[in-house]
Amino acid sequence: MKTLKIDSPFAGGTTWDVVDRTVIGALAPSMISTLRRGSEDFLWFAERRIAGHQLGRPGRWDHPVERELLGWRSRLAFALDPPVAIPEIDLKLSHWVRNTHAVFLRRLPETGGVVQLESVQDVDAWLHTLIDHYKAVKAAGEQQLDPDARATLMAWFRNTFFKIRQAADRVGLSRVRP
């Protein structure tokens, strides 16, 4: 049995390793609430867009965070450059965002800092979610976030993404590439 290496997540770091075929991570407790709030906002955004489609009034990608979020997913899934005003694609992207963040939130601990990703779906959800958070912070700009806090968050999301992907690659659990 392999022991989990911890690189001080309680000092703001993050560490990810593999035990059997499970990717296990340790997060700083302060990041759990940040990630939860952000993903709940993404869920609200996706649900609002899906409801708009059901009412026959899909929204426009007029907010910088929406453009950034749906833009990168549009490029990844459909090789389309945003903003794309194709309702069917927008609806698929909105469902994808909702489903990704729902899986992510199911694996995000309530209070403790230990995360267990046991499947390709779990790993993909976490990697896509981290990119969403990164893109949202990037789109928010320095006008909405303190420049130091913004840079720190962006570095944390990038670093955590690569650590999860590296651990998951060792056991064949990841498909996502930035």
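Residues numbered from 1 in each chain as written. Predicted model: local features only at pLDDT ≥ 70, side-chain atom pairs only at ≥ 80, totals over all residues. Heavy atoms only, no water.

*Asks:* Outline the overall build of the protein chain, listing residues and values.
*Replies:* Secondary structure summary: the protein chain contains five helices and three strands in total. Shown N-terminal to C-terminal, the secondary structure of the protein chain runs as helices and strands in the order β-β-α-α-α-β-α-α. Long-range contacts, defined here as pairs at least 24 residues apart, represent 60% of the contacts in the protein chain between residues at least 6 apart. (Helix = DSSP H or I, 4+ residues; strand = E, 2+ residues; numbered from the N terminus. Contact = heavy atoms within 4.5 Å.)

*Asks:* Just give me the short version of the packing of aromatic side chains, but keep the residues and values in it.
*Replies:* Tallied over the full model, the rule gives four aromatic pairs. Taken together, a centroid distance of 5.1 Å and an interplanar angle of 85° make the contact between Phe161 and Phe162 edge-to-face. Of the residues examined, Phe162 reaches a relative accessible area of 38% and is grouped as partly exposed. Each member of the aromatic cluster is reached from another via a ring pair, and the members are Trp16, Phe104 and Trp126. When the ring centre of Trp96 is taken as origin, the NZ or CZ atom of Arg73, which lies over that ring, is 4.5 Å away. (Phe/Tyr/Trp six-rings, centres within 6.5 Å; stacked < 30°, edge-to-face > 60°. Buried < 20%, exposed > 50% of the residue type's maximum accessible area, 1.4 Å probe, protein only. Lys NZ or Arg CZ within 6 Å of the ring centre and 35° of its normal.)

*Asks:* Explain helix α1 (residues 29–54) to me, using residue names and the numbers behind them.
*Replies:* With 26 residues, α1 extends 38 Å between its outermost C-alpha atoms, agreeing within 8% with the 38 Å of an ideal straight helix rising 1.5 Å per residue. Taken from the residues just after α1, Gly56 is the one with a positive phi, measuring 80°. (Expected span 1.5 Å × (residues − 1).)

*Asks:* Which residues make up the sheet that holds strand β3 (residues 114–117), and what values do they have?
*Replies:* Spatial ordering of the open sheet is given by β1-β2-β3, a layout of three strands whose pairing is antiparallel. Each end of this open sheet is capped by a strand with a single partner; those strands are β1 (14–19) and β3. Strand-to-strand twist of the sheet, defined as the mean angle between neighbouring strand axes without regard to direction, takes the value 20°. The pairing of strand β2 (residues 22–27) with β3 spans four bridges and is antiparallel. Paired with Val23 across the strands is Leu117, a residue of β3. (Pairing = 2+ DSSP bridges. Axes fitted to C-alpha atoms, helices over the stretch in contact; angles between N-to-C directions.)

*Asks:* How would you sum up unusual backbone geometry? Please name residues and give values.
*Replies:* A positive phi is found at Asp20, a non-glycine position, where the angle reads about 55°. With respect to the helices and strands, the residue Asp20 is situated in the loop between β1 and β2.

*Asks:* Tell me about the packing of α1 against helix α5 (residues 147–170), and please be specific about residues and values.
*Replies:* Direction vectors running N to C along α1 and α5 enclose 90°, while the axes themselves pass 13 Å from each other. What the angle tells us is that α1 and α5 run roughly perpendicular. Mapping the contact onto sequence places Met31, Thr34 and Leu35 in α1 and Leu153, Trp156 and Phe157 in α5. For the contact of α1 with α5, the class distribution of residues is five nonpolar, one polar and no charged. (Parallel < 35°, antiparallel > 145°, perpendicular 65-115°, else oblique. Nonpolar A, V, L, I, M, F, W, Y, C, P; charged D, E, K, R; others polar.)

*Asks:* Account for the nonpolar core, naming residues and giving values.
*Replies:* Core analysis: the biggest nonpolar cluster contains 40 residues, and Trp16, Val23, Leu27, Leu35, Trp126 and Phe157 have the highest contact counts within it. Contributing elements (two or more residues each) for this core: β1, β2, α1, α2 (64–78), α3 (87–107), β3, α4 (120–144) and α5. Those residues in contact with Phe157 that lie beyond four places of it in its chain are Met31, Leu35, Leu130, His133, Tyr134 and Val137. (Core = buried A, V, L, I, M, F, W, Y, C linked by side-chain atoms within 4.5 Å.)

*Asks:* Before we move on, can you summarise the environment of Pro64 with the specific residues and values?
*Replies:* Relative to the elements of secondary structure, Pro64 occurs in helix α2. A residue is classified by how much of its surface remains accessible, and Pro64, at 36% relative accessible area, is partly exposed. Pro64 sits 72 residues away from Ala136 along the chain, and the two C-alpha atoms are 8.2 Å apart.

*Asks:* Describe the pairing of β1, and please don't skip the residues or the numbers.
*Replies:* The buried count for β1 comes to six of six residues, which makes it a mostly enclosed element. Sheet topology places β1 next to β2; six bridges connect them, and they run antiparallel. For Trp16, the partnering residue across the bridge sits in β2 and is Gly25. Adjacent in sequence and paired antiparallel, β1 and β2 are bridged by two residues, among which Asp20 carries a positive phi angle near 55°.

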